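Secondary and tertiary structure notes
For reference, the chains in residue letters:
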Amino acid sequence: MEFNAEILHKLPTVLTADELLDKAFRRASKVSGKRREKAINKLATVSNVISSHFNYVLKAHPSYTSMPEFYRELIDLTIGLGKIRKSLAALKWADNMVQKIINKGIKQIKGGRSPELVLRETYGRVASVVKQIDNELKTLNEAKKLMRRIPVFSDKPVVVVAGYPNVGKSSLVSRISNVEPEIASYPFTTKEIYVGIFEHDGVEVQIVDTPGILDRPISRRNEIEKRAVLCIKYIADCILFVIDPTESCGYSLEKQMSLLNEVKELGKQVIEVYSKADMHDKRDRIAFSVVSGEGIKEVKDEIVKTIKG
Ligand SMILES: Nc1nc2c(ncn2[C@@H]2O[C@H](COP(=O)(O)OP(=O)(O)OP(=O)(O)O)[C@@H](O)[C@H]2O)c(=O)[nH]1
Ligand SMILES: [Mg+2]
């Protein structure tokens, strides 16, 4: 089945240990009936509330093993797959333990032990198990929030804007699409992936603003750069490589060209453009400027031409 990344934005809020225990014990306190029967129903209620919540959380998570590499690696960078897996496993463990403890309690009541005593003991054991996974519950709730940062793409063609830091990638994306990433005169302003949409000549295109990448071995790239690499590698139908020949970005043209060559080795179509055309006269590639407006239409023309193949 095709993976729908929307699922990542729909993960449920996860209760803390205290919140979940409060909910379960409060619900159980409303149970009425005869002495023994009431105690048994109370325990069954506690078990239901806790188990439903755990299973609701467990079922909401996708299979991290079978999802597309782009999402898997991006989630690993953003949250940590190991952390998610460990936390989900802890939930399963606690669910099992709680069921066992409750079943044992019910058996004891049926066997004639004092219901009040069994109730007190069993509540204590359940609380201790749930509290043991409080950190994991908090991690999963944190994960739910962080998942919002994972971009969701439609099936429309994707152009990924890439290049060295500070060359003017976000300025271009903001100029031609509906997304407005922050723009600033220092490198690594953009730290995450921004997806915008524009339409040109009747073609709808998803345009992705990525963090800047330095020309250095992948093993030495930081997590911000790695996000951009993932976009280039996995989701780009074509790449718009932005070169700042004025070097006002703070990096030499030579280094930018070396990165360009590395990007080209991926075998995807690469459109090479110069930014900051208001500051230089180089015109051996399409040159655009968000200041003068020069070349903006040509950039869009070229993207659509490349996508149409
Ligand atoms: N003169 C001129 N300056 C520009 C142009 N485009 C961008 N800049 C400036 O270049 C700097 C960097 O712009 P950004 O769009 O943030 O560059 P970026 O490539 O997204 O940078 P990172 O996110 O850090 O990788 C800012 O100070 C912009 O104002 C342009 O066409 N002309
Ligand atoms: Mg940027």
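Residues numbered from 1 in each chain as written. Chains lettered and ligands numbered in written order. Predicted model: local features only at pLDDT ≥ 70, side-chain atom pairs only at ≥ 80, totals over all residues. Heavy atoms only, no water.

1. Thoughts on the coordination of the magnesium ion (ligand 2)
In the first shell of the magnesium ion (ligand 2), the protein supplies Ser-170 (OG) and Thr-190 (OG1), at 2.0 to 2.1 Å from the metal. One end of the pair, Ser-170, is in helix H7 (residues 169-176); the other, Thr-190, is in the loop between H7 and strand E2 (194-200), with 20 residues separating them in the sequence. Considered together, Ser-170 and Thr-190 belong to a single accessibility category, that of buried residues. (Donors = N, O, S within 2.8 Å, 3.2 Å for Na, K, Ca; no water. Helix = DSSP H or I, 4+ residues; strand = E, 2+ residues; numbered from the N terminus. Buried < 20%, exposed > 50% of the residue type's maximum accessible area, 1.4 Å probe, protein only.)

2. Observations concerning the pairing of strand E3 (residues 203-209)
Taken across its 7 residues, E3 has 6 buried, putting it largely inside the fold. The pairing of strand E1 (residues 158-163) with E3 spans 4 bridges and is classified as parallel. Its bridge partner lying in E3, Val-160 is registered against Val-208. In this sheet, E3 lies alongside E2 in antiparallel orientation, the contact comprising 7 bridges. Within E3, the position partnered with Phe-198 by the bridge is Val-205. Count of turn residues in the E2/E3 antiparallel hairpin: 2 residues, of which Asp-201 carries a positive phi of about 50°. (Pairing = 2+ DSSP bridges.)

3. So, the site of ligand 1
Not every one of the 22 residues close to ligand 1 is listed here, only the nearest: Lys-169, Ser-171, Thr-189, Thr-190 and Asp-278. Between an oxygen atom of ligand 1 and a main-chain N or O atom of Thr-189, the distance comes to 2.8 Å. Contacts to ligand 1 include Lys-276, whose side-chain N or O atom sits 3.4 Å from an oxygen atom. Across the complex, the protein chains shield 87% of the 650 Å² of accessible surface that ligand 1 would expose by itself. When the residues that make up the shell around ligand 1 are grouped by side-chain class, the tally is 10 nonpolar, 9 polar and 3 charged. (Near = heavy atom within 4 Å. Polar contact = N/O pair within 3.5 Å; in protein donor to acceptor, adjacent residues only side chain to side chain. Areas by Shrake-Rupley, 256 points an atom, 1.4 Å probe, with all protein chains shown as cover. Nonpolar A, V, L, I, M, F, W, Y, C, P; charged D, E, K, R; others polar.)

4. Brief notes about the packing of helix H2 (residues 35-60) against helix H4 (residues 81-110)
When two helices pack together, their arrangement is given by the angle between the helix axes and by the axis-to-axis distance. At a closest axis distance of 10 Å, the pairing of H2 and H4 adopts a crossing angle of 170°. Viewed along their axes, H2 and H4 adopt a mutual orientation that is roughly antiparallel. Counted by class, the contact of H2 with H4 contains 16 nonpolar, 5 polar and 4 charged residues. (Axes fitted to C-alpha atoms, helices over the stretch in contact; angles between N-to-C directions. Parallel < 35°, antiparallel > 145°, perpendicular 65-115°, else oblique.)

5. A word on the packing of helix H3 (residues 69-78) against helix H8 (residues 223-235)
Orientation of H3 relative to H8, taken along the N-to-C sense of each, is 175°, at an axis distance of 10 Å. The angle between H3 and H8 places the two elements in the roughly antiparallel class. Contacts from Glu-69, Phe-70, Glu-73, Leu-74, Leu-77 and Thr-78 of H3 reach H8 at Glu-223, Lys-226, Arg-227, Leu-230, Cys-231, Tyr-234 and Ile-235. The class makeup of the residues in the contact of H3 with H8 is 7 nonpolar, 1 polar and 5 charged. (Contact = heavy atoms within 4.5 Å.)

Read these as spatial facts, not as claims about activity.
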